[in-house]
Amino acid sequence: MLERVVTEIVRRVVREERLPSNRRQGSQPRVDPALVDPFAVSPAKLRADSEYVTPCGYCRGAGVCSCNYCGGSGRARCSNCSGSGKEVKHYKKSSRLINCKVCRASGTVVCGGCGGDGNVTCTVCSGSGYQLAWLTYDQHSRWVVHIEPQSPVVAAHPQLTEPRFLSNHELDAFSIIGIEHADGPVMLTGYRDGTGLLLGSITASLDSRLERVNRQQHVKLAVVRRDATYSMCGTEGTLVLSGKQLLGSHTPQALRAIRTRLYVWATSVAAFTVTTGIILGAFRGSSAYFATINPTLTSLWLFAVVLAIPVLGAALRSLQKRRGLRPLRPPEKMLASAAGVGLVSFLAYGLISQPRVSEVASALARPDVDRARVVVDGLKETKGDTAEVREAEDATLLAEAMRLEGDAKLRVLDAVAARDGTRAREAATLARLERVAVIRLHLDERDPDRAIAAIERWFSDSWKSDQEIAEARARAHDLAGTGCADSPCRLLAANSAVTAVSTPGRMQRASEVRTQLLTELSAREITAEPQLTRLQRMRSLSVMAKKSIAAASADAELATAAKSTADWAAAERARVPLLGASQAVVEELLEAPARASGKTTYMTVDGTQVYLVLDATKTCRGLYLVGASATARAIRGETWSSDRFLSQAVGRAATVKKPSPGTSSTSRWFEVFAPVVARWRSGELVELRIGDAAP
């Protein structure tokens, strides 16, 4: 049984209305709005009874009020500069701030709303200071629906809750026991005792002064209700079917099992997807080994996940609260079988497709080194740096090294040897054989310098304990000796070969070269030898002596002889004066070629520019010396100092004289037979004239 009451309630709220007035007093006092019954009087009668004159509530009877624009100050913010007092002055290429011309940098101007007075006429009372007030009321209506009792049947028939009167055909689903409506409250006349309690409670809840019932409908209904209980996902739900068409009500009790299944379904699908996704991530890889595996593996995973979604939903629907899991429908069984096959295929393929160490051995046996490298990279990604993976990688590196040449091959072999695995000894042996082969190739190509450099680079000092490498080094020195142009070079090569591997033949060869070098060092004077040829021979003898000193090592006799020869050659060359010598002799003594620029002949020696004064026979009559750089004219050579230039010019030891302190910056004197002029600046020699070197 249902009882429905729908009520339209009218509410009238009393309020005061006001207008400007020139009158200053009224004929009657103010009426209290709380004492007015809006349903007992018309608006016109209420105005006539309550009208009176009162001071303006806004300006309190003054007729004026503060200006809203300036707040009563009479001044407003300047719109030209926004109150800053500055405006931007633009020029052709720039702009700058200047004082505002409107407000004269004050930031404010006379208020336009009040003309600077600060007050304006009150708009509420039009400046009179008084208002005419009276009472009126506003009317609003609202609908209220009451249904007793609150039942799931109401949810199945939503028209019962709509705020309006219902017609008989809208109640066809029910048996109408009684229906009554009226303009105003319904007065029950034909019902049994107690049926009017709901109507009485509605009337009692109204505000007796401000609210009235405008219209009201009362309906009493009888309805057939059948409760159907179902079960899924281990939870029961009760569906209420009511009315002649047995409509279902969507209540929480009715939908509980369905919503539980949907929640568990979504959760189980997410858990299944995440779990299998983690397994997928463990099976997948980023190396080249997985380039073809990843797409297939992902496809199988997606196939299993997509089929698992309806299968999980069907299983949860078939799960009963007390009877357990009911048999699935035939299509659902087929989907479950396909999902199981997909899941097993995904797991099986993921396990089978993982790289194995045996694949490396098979690839190297074919041989397919590239495939072996791909498998090794996959092993390192999936299994990490384990002992068997390192062993497989060492084998692959050795195979890769065999396809390389030169330093690239040696780098790979050295890397395997440094890993200290089971292949380390093999890699070290192959690397040594490769290096020995390179050294022998250099020897066969008669390139001893590259052979010795390779031994130094690869074997450092360890060659001394390696008989094969030591012999190769000795051979390289033997070969270098055959290409030497002088005896010091041959002696150095012969001694180095003896140091590497001493044999009677090498020792005899070194002794013979030493004897020959001592003989060459002792040959000094040659009868009737031209001066230029003698100077050139002494220079060559000096160079050979210096090389001999370097090659003598622990040979004291040879070192003494070489030093003596070098000193003698230098002294002999120093005794030959530049003045009076031919241009060729001057070039030989200064060890620099002469260049001509017009009538000037000059040469650059150790940072010093040397100008030669030559006569018609190309004989040197004077020298003019100055710094070679225009920004640095000081004569400050490291090998050829000013004293050495002067000594060589006159053929004996001489020293450049400085001027006396406090005198001129130029010093003059005669050295043997030649006039000398030296000019100084800031304590440094910047110009030296020897002999006939004017101007």
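No experiment lies behind these values; they were computed from the predicted model shown.

**Some details on the overall build of the protein**
Now for step 1: When helices and strands are tallied, the protein shows 19 helices and 23 strands.
Now for step 2: By the compact-globule yardstick of 26 Å for 695 residues, the protein is too spread out, its C-alpha radius of gyration being 61 Å.
Now for step 3: Residues classed as buried in the protein amount to 40% of the 695 residues present.
Now for step 4: Taking as baseline every contact in the protein between residues at least 6 positions apart, the subset at least 24 positions apart corresponds to 62%.
Now for step 5: Counting only carbon and sulfur atoms, one obtains 54% of the accessible surface of the protein, whose full area is about 38,800 Å².

**A look at the sheet that holds strand β21 (residues 666-671)**
Now for step 1: Taken together, 7 strands build an open sheet; the order of strands is β17-β18-β19-β20-β23-β22-β21 and the sheet is antiparallel. Edge strands, defined here as strands with exactly one partner in the open sheet, are β17 (595-597) and β21. Direction aside, the axes of adjacent strands within the sheet are offset by 25° on average.
Now for step 2: Where strand β20 (residues 620-627) lies against strand β23 (residues 684-691), 5 bridges are found, and the strand directions are antiparallel. Note that in β23 the partner of Leu623 across the bridge is Ile690.

**A closer look at the state of the cysteines**
Now for step 1: Inspection of every chain in the model, using the stated rule, returns 1 disulfide.
Now for step 2: Cys78 carries a free sulfur, and the closest cysteine sulfur to it, the one in Cys81, is 3.8 Å from it.
Now for step 3: Its relative accessible area of 1% is what places Cys78 among the buried residues.

**Looking at the layout of surface pockets**
Gaps between atoms show up when a probe of the same size as a water molecule is rolled over them.
Now for step 1: By volume, the largest pocket amounts to about 370 Å³.
Now for step 2: Lining the largest pocket are 15 residues; nearest its centre among them are Ser542, Ala570, Arg573, Glu591 and Arg644.
Now for step 3: When residues of the lining of the largest pocket are traced back to their parent elements, those giving at least two are α16 (531-552), α17 (556-574) and α19 (642-650).
Now for step 4: A per-class count over the lining of the largest pocket returns 6 nonpolar, 4 polar and 5 charged.

**Focus on the side chain of Glu359**
Now for step 1: Along the chain, Glu359 turns up in helix α7 (residues 357-365).
Now for step 2: A residue is classified by how much of its surface remains accessible, and Glu359, at 17% relative accessible area, is buried.
Now for step 3: If sequence neighbours within four positions are ignored, Glu359 has contacts with Tyr289, Gln354, Arg371 and Val375.

**A look at the sheet that holds strand β14 (residues 247-248)**
Now for step 1: Read from one edge to the other, the open sheet built from 3 strands follows the order β12-β13-β14, with strand pairing classed as antiparallel. This sheet does not close on itself; its edge strands, each paired only once, are β12 (225-232) and β14.
Now for step 2: Across 8 bridges, β12 lies against strand β13 (residues 235-242) in antiparallel orientation. Counterpart to Arg225 in the pairing with β13 is Ser242.

**Let's talk about the pattern of salt bridges**
A pair can form between side chains of opposite charge whenever their charged atoms are brought close.
Now for step 1: In the structure shown here, the tally under the stated rule is 52 salt bridges.
Now for step 2: Among the salt bridges present, the one from Arg225 reaches Asp227, with a minimum N-O distance of 3.0 Å.
Now for step 3: The exposure class assigned to Arg225 is partly exposed, which follows from its relative accessible area of 42%.
Now for step 4: On the basis of relative accessible area, Asp227 is assigned to the partly exposed category, the value being 46%.
Now for step 5: The shortest N-O distance in the salt bridge between Glu671 and Lys657 comes to 3.8 Å. Separated by 14 residues along the polypeptide, Glu671 in strand β21 and Lys657 in the loop between α19 and β21 bring together distant segments of the chain.

**Points about the environment of Arg450**
Now for step 1: If you trace the backbone, Arg450 turns up in helix α12 (residues 448-459).
Now for step 2: The exposure class assigned to Arg450 is partly exposed, which follows from its relative accessible area of 48%.
Now for step 3: Separated by 26 residues in sequence, Arg450 and Ala476 have C-alpha atoms that sit 9.1 Å apart.

**What about the packing of aromatic side chains?**
Now for step 1: One pass over the structure, following the stated rule, counts 6 aromatic pairs.
Now for step 2: Put simply, the rings of Tyr602, Tyr611 and Tyr624 pair up and form one aromatic cluster.
Now for step 3: The ring of Trp463 carries the charged tip of Arg473 above its face, separated from the ring centre by 4.4 Å.
Now for step 4: Cation over ring: Arg644 sits above Trp640, and NZ or CZ is 3.7 Å from the ring centre.

**So, the nonpolar core**
Now for step 1: Among the nonpolar cores identified, the biggest contains 48 residues, and Leu590, Val610, Leu623 and Leu688 are the most heavily contacted of them.
Now for step 2: Per-element accounting of this core gives the leading share, 6 residues, to α16.
Now for step 3: When neighbours within four sequence positions are excluded, Leu688 is seen to be in contact with Leu623, Tyr624, Leu625, Ile635, Ser642, Val656, Val676, Val677 and Ala678.
Now for step 4: If you look at the next biggest cluster of nonpolar residues, it comprises 26 residues, including Leu443, Ala451, Ile452 and Ala472.

**With respect to α19**
Now for step 1: Burial runs high along α19: 7 of the 9 residues are buried.
Now for step 2: Residues of α19 that are buried: Ser642, Phe645, Leu646, Ser647, Gln648, Ala649 and Val650.
Now for step 3: After α19 finishes, the residue Gly651 shows a positive phi value of roughly 85°.

**Describing unusual backbone geometry**
Now for step 1: For the peptide bond that leads from Glu148 to Pro149, omega is -10°, which places it in the cis range.
Now for step 2: Residue position: Pro149 is located in the loop between β9 (130-148) and α2 (152-156).
Now for step 3: Although it is not a glycine, Ser82 sits at a positive phi angle of roughly 60°.
Now for step 4: Assignment of secondary structure puts Ser82 in the loop between β4 (75-77) and β5 (86-90).
Now for step 5: Even without being glycine, Ser126 reaches a positive phi, approximately 60°.
Now for step 6: Topologically, Ser126 is positioned in the loop between β8 (119-121) and β9.
Now for step 7: Residue Ser126 is classed as exposed on the basis of its relative accessible area, which comes to 54%.

**A word on the packing of α16 against helix α18 (residues 583-590)**
Now for step 1: Interhelical geometry of α16 versus α18 gives an angle of 10° and a closest axis separation of 10 Å. One way to sum up the angle between α16 and α18 is to call them roughly parallel. Of the residues in α18, those touching α16 at Gln531, Leu532, Leu535, Gln536 and Arg539 are Ala584, Val585, Glu588 and Leu589.
Now for step 2: For the contact of α16 with α18, a count of residues per class yields 5 nonpolar, 2 polar and 2 charged.

**Some thoughts on the environment of Leu241**
Now for step 1: Locating Leu241 in the fold gives a position in strand β13.
Now for step 2: Considering only alpha carbons, one finds Leu241 and Ala480, 239 residues apart in sequence, at a separation of 114 Å.
Now for step 3: Once you skip the residues sitting within four places of it in the chain, Leu241 turns out to touch Val224, Arg225, Arg226, Ala228, Leu246, Leu247 and Gly248.

Rules of the game
- Residues numbered from 1 in each chain as written.
- Predicted model: local features only at pLDDT ≥ 70, side-chain atom pairs only at ≥ 80, totals over all residues.
- Heavy atoms only, no water.
- Helix = DSSP H or I, 4+ residues; strand = E, 2+ residues; numbered from the N terminus.
- Rg over C-alpha atoms; globule rule 2.2 N^0.38 Å.
- Buried < 20%, exposed > 50% of the residue type's maximum accessible area, 1.4 Å probe, protein only.
- Contact = heavy atoms within 4.5 Å.
- Areas by Shrake-Rupley, 256 points an atom, 1.4 Å probe, with all protein chains shown as cover.
- Pairing = 2+ DSSP bridges.
- Axes fitted to C-alpha atoms, helices over the stretch in contact; angles between N-to-C directions.
- Disulfide = S-S within 2.5 Å.
- 1 Å grid on protein atoms, 1.4 Å probe; cavity = no way out; pocket = protein on both sides within 12 Å on 5 of 7 lines; lining within 4 Å.
- Points joined across faces, edges and corners; volume = space filled by probe spheres on them.
- Nonpolar A, V, L, I, M, F, W, Y, C, P; charged D, E, K, R; others polar.
- Salt bridge = Lys/Arg side-chain N within 4 Å of Asp/Glu carboxyl O.
- Phe/Tyr/Trp six-rings, centres within 6.5 Å; stacked < 30°, edge-to-face > 60°.
- Lys NZ or Arg CZ within 6 Å of the ring centre and 35° of its normal.
- Core = buried A, V, L, I, M, F, W, Y, C linked by side-chain atoms within 4.5 Å.
- Parallel < 35°, antiparallel > 145°, perpendicular 65-115°, else oblique.

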